[in-house]
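Residues per chain, in single letters:
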Amino acid sequence: MTREIGARFGGHFFLYRLPALHTYNRPATVAEMDMEQAARKQQAAQAALEFIKPGMTLGVGTGSTVNYFIDELIRYRDDLTAIVASSRATEARLRARGLTVSELEDVGDPDLYVDGADEANKHFHLIKGGGGALTREKILAAASRKFVCIIDQSKWVATLGQFPLPVEVIPMARSYVARQFLKVRGQPVWREGVVTDNGNHILDVRNLQISNPVEFESRFNQVAGIVTVGLFANRPADVILLADDSGVKRMDRR
């Protein structure tokens, strides 16, 4: 049994078949897995708090793991000179918790950037952008002196690409960009109905095995119409905090 996903680019329609989701014992299993994963995300987020030092400027990413980090930040409000958000959603969550949010152009280079990832490998390369904030996340990561990535064990992979690669594109270039990924046997699907904070569209490219993330990122960032791809390889994480059954492991890039 399969599921089918269709996407239209220009005058062409592409249909992709995806494996069916198993349904046996689904309610109990999914609930238990969700609780365990939520606990690991919270553990990774709490471990990142140890990197905050008095007088720091902080960049904050976007996503479910980072939300746990945001929820704890109020205790460190007096230690931080400024906080910069990677998305409107993150900005709203920070403000809702009584924290002041600054603009990057007013702060300069943040001392610390904390964010999650959709995939990470042993070289500290990441796929990000499942939440749609990849461009602003990449800007903050590039600007920051230290990038700490917080993940649970489900995000740790040998080869990037099992998670569909998000690509932010100028709307008029969506079909053109999609055709460039078809040339490398990718399966681009328009994230229909989603408009980024920058007013652009997102393609999610499936069926990729990215053996050389640095080269792949550099190559596709040169395609006209692409704002950025959700590969963080040219600017990888400096530290990965990975939460698994045994606790939180810290890994430092050398």
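The shown structure was predicted, so the numbers you read here are calculated from the model rather than taken from an experiment.

Analysis parameters
Residues numbered from 1 in each chain as written. Predicted model: local features only at pLDDT ≥ 70, side-chain atom pairs only at ≥ 80, totals over all residues. Heavy atoms only, no water. Helix = DSSP H or I, 4+ residues; strand = E, 2+ residues; numbered from the N terminus. Polar contact = N/O pair within 3.5 Å; in protein donor to acceptor, adjacent residues only side chain to side chain. Contact = heavy atoms within 4.5 Å. Buried < 20%, exposed > 50% of the residue type's maximum accessible area, 1.4 Å probe, protein only. Pairing = 2+ DSSP bridges. Phe/Tyr/Trp six-rings, centres within 6.5 Å; stacked < 30°, edge-to-face > 60°. Axes fitted to C-alpha atoms, helices over the stretch in contact; angles between N-to-C directions. Parallel < 35°, antiparallel > 145°, perpendicular 65-115°, else oblique. Left-handed = near helix turned anticlockwise from the far one by under 90°. Core = buried A, V, L, I, M, F, W, Y, C linked by side-chain atoms within 4.5 Å.

**Q** Looking at this structure, I do not really get the side chain of Asp115. What am I missing?
**A** Of note, Asp115 is situated in strand E5 (residues 112-115). Looking at Asp115, its side chain comes within polar contact range of the main-chain nitrogen of Thr62, at 3.2 Å. Among the polar contacts listed, one links the side chain of Asp115 to the side chain of Lys128, at a separation of 2.7 Å. When neighbours within four sequence positions are excluded, Asp115 is seen to be in contact with Gly61, Thr62, Val66, Lys128, Glu137, Phe147, Val148, Cys149 and Ile150.

**Q** What should I look at first to understand the pairing of strand E14 (residues 239-244) in this one?
**A** Strand residues, when the strand is regular, have side chains that alternate between the two faces of the sheet. In terms of burial, E14 is largely enclosed, as six of its six residues are buried. The side-chain alternation of E14 yields two buried faces, one formed by Val239, Leu241 and Ala243 and the other by Ile240, Leu242 and Asp244. Pairing of strand E8 (residues 147-152) with E14, which is carried by five bridges, proceeds in the parallel orientation. Across the sheet, residue Ile151 finds its bridge partner in E14, namely Leu242. Here E14 pairs with strand E15 (residues 247-252) via six bridges, running antiparallel. What sits directly across from Leu242, in E15, is Lys249. Linkage of E14 to E15, two consecutive antiparallel strands, is achieved through a turn of two residues.

**Q** Would you mind showing me how to read the packing of aromatic side chains here?
**A** Centre distance and the angle of the planes are the two values used to describe a pair of aromatic rings. The tally for this structure, following the rule as stated, stands at four aromatic pairs. With a centroid separation of 5.2 Å and an interplanar angle of 45°, the aromatic rings of Tyr113 and Phe147 are classed as tilted. Here Phe147 lies in strand E8 and Tyr113 lies in strand E5, a separation of 34 residues in the sequence. One exposure class covers both Tyr113 and Phe147, and it is buried. Taking 6.5 Å as the distance between ring centres and 35° as the angle between the ring planes, the aromatic pair formed by Phe181 and Phe216 counts as tilted.

**Q** Help me understand the sheet that holds strand E12 (residues 226-229) in this model?
**A** Two strands in a sheet stick together by hydrogen bonds in their backbones, pointing the same way (parallel) or opposite ways (antiparallel). One open sheet accounts for four strands, arranged E10-E11-E9-E12; its pairing is antiparallel. Among the strands making up the open sheet, the edge pair consists of strand E10 (187-190) and E12. Across the sheet, the mean angle separating the axes of adjacent strands is 25° when strand polarity is ignored. Sheet topology note: the E10/strand E11 (residues 201-206) ladder contains four bridges and is antiparallel. Bridging across to E11, Val189 finds its partner in Asp204.

**Q** What am I meant to see in the packing of helix H2 (residues 64-72) against helix H3 (residues 88-96) here?
**A** Think of two packed helices as two axes; the pair is described by the angle between the axes and how far apart they sit. As a packed pair, H2 and H3 sit with axes 9 Å apart at the nearest point and diverge in direction by 25°. Between H2 and H3, the angle falls in the class roughly parallel. Our pair here, H2 against H3, has a crossing hand that is right-handed. Along its contact with H2, which presents Asn67, Ile70 and Asp71, the element H3 presents Thr90, Arg93 and Leu94.

**Q** Before we go on, may I ask you to explain helix H5 (residues 134-143) in this structure?
**A** Each α-helix winds once per 3.6 residues, and so residues spaced three or four apart point in a common direction. Most of H5 sits inside the fold, with seven of its 10 residues counted as buried. By the burial criterion, the buried members of H5 are Leu134, Thr135, Glu137, Lys138, Leu140, Ala141 and Ala143.

**Q** I tried to follow the nonpolar core on my own but got confused; where do I start?
**A** Side chains that are nonpolar tend, in soluble globular proteins, to be buried together. Among the nonpolar cores identified, the biggest contains 28 residues, and Val60, Phe69, Leu73, Leu94, Val148 and Ile150 are the most heavily contacted of them. Among the elements of the structure, helix H1 (26-48), strand E3 (56-60), H2, strand E4 (80-85), E5, E8 and E14 are those that each provide at least two residues to this core. Residue contributions to this core peak at four residues, all from H1. Residues within four places of Leu94 in sequence aside, it is in contact with Val60, Ile70, Leu73, Ile83, Ala85, Leu99 and Val101. Counting 20 residues, the second-largest nonpolar core is a separate cluster that includes Leu165, Val169, Val205 and Val229.

**Q** What is the right way to look at unusual backbone geometry in this model?
**A** The residue Phe124 is not glycine, and still its phi comes out positive at about 70°. Among the secondary structure elements, Phe124 is positioned in the loop between strand E6 (119-120) and strand E7 (126-127). In this structure, Arg185 is a non-glycine residue whose phi angle is positive, near 70°. By secondary structure assignment, the location of Arg185 is in the loop between helix H6 (174-182) and E10.

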